Amino acid sequence: MNKITTLIGLGFAIFFLVGLATTLTRSMLITTLDVLPVYILMGAAIIMMIYEAFFDKK
């Protein structure tokens, strides 16, 4: 049960962060280079969430 709720929570958080990052690229005034730091930070946040949820057992 704990793994299922962790997966559901991670899924919602990842969908939210990816949706937030892709919404920024829809504007005509914002280029890919402007959004690149956002993609890097979102990727790092997603990797840290997955690591903390499954691999950090301290």
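Residues numbered from 1 in each chain as written. Predicted model: local features only at pLDDT ≥ 70, side-chain atom pairs only at ≥ 80, totals over all residues. Heavy atoms only, no water.

Asker: Before we go on, may I ask you to explain the overall build of the protein chain in this structure?
Answerer: When helices and strands are counted, the protein chain shows two helices and zero strands. C-alpha extents for the protein chain along the principal axes are approximately 45 × 20 × 10 Å. When the accessible surface of the protein chain is split by element, carbon and sulfur atoms take 76% of a total near 4900 Å². (Helix = DSSP H or I, 4+ residues; strand = E, 2+ residues; numbered from the N terminus. Areas by Shrake-Rupley, 256 points an atom, 1.4 Å probe, with all protein chains shown as cover.)

Asker: So what exactly am I meant to see when it comes to helix H1 (residues 2-24) here?
Answerer: Because each turn of an α-helix spans 3.6 residues, side chains separated by three or four positions end up pointing in the same direction. An ideal rise of 1.5 Å per residue puts 33 Å on 23 residues; H1 measures up with 34 Å between its terminal C-alpha atoms. Along H1, the positions that sit buried rather than exposed are Leu10, Leu17 and Ala21. Its buried side turned inward, H1 meets helix H2 (32-55). (Expected span 1.5 Å × (residues − 1). Buried < 20%, exposed > 50% of the residue type's maximum accessible area, 1.4 Å probe, protein only. Contact = heavy atoms within 4.5 Å.)

Asker: What exactly am I supposed to notice about the packing of H1 against H2 here?
Answerer: Relative placement of two packed helices is described by the angle separating their axes and the distance separating the axes. It is at 10 Å that the axes of H1 and H2 come closest, and there the two elements cross at 175°. By the criterion of interaxial angle, the relationship of H1 to H2 is roughly antiparallel. Judged by residue contacts, Lys3, Thr6, Leu7, Leu10, Ala13, Ile14, Leu17, Val18, Leu20, Ala21, Thr22 and Leu24 of H1 engage Val35, Val38, Tyr39, Met42, Ala45, Ile46, Met49, Ile50, Ala53 and Phe54 from H2. Residues belonging to the contact of H1 with H2 are distributed by class as follows: 19 nonpolar, two polar and one charged. (Axes fitted to C-alpha atoms, helices over the stretch in contact; angles between N-to-C directions. Parallel < 35°, antiparallel > 145°, perpendicular 65-115°, else oblique. Nonpolar A, V, L, I, M, F, W, Y, C, P; charged D, E, K, R; others polar.)

Asker: Which parts of the structure should I look at to understand the packing of aromatic side chains?
Answerer: Within a pair of aromatic rings, the relevant descriptors are the distance that separates the centres and the angle that separates the planes. According to the stated counting rule, one finds one aromatic pair in the structure shown. When the centroid spacing of 6.3 Å and the interplanar angle of 35° are considered together, the rings of Tyr51 and Phe55 count as tilted. One end of the pair is Tyr51 and the other is Phe55, both in helix H2 and four residues apart, which spans about a single turn. The exposure class assigned to Tyr51 is partly exposed, which follows from its relative accessible area of 48%. Judged by its relative accessible area of 57%, Phe55 is exposed. (Phe/Tyr/Trp six-rings, centres within 6.5 Å; stacked < 30°, edge-to-face > 60°.)

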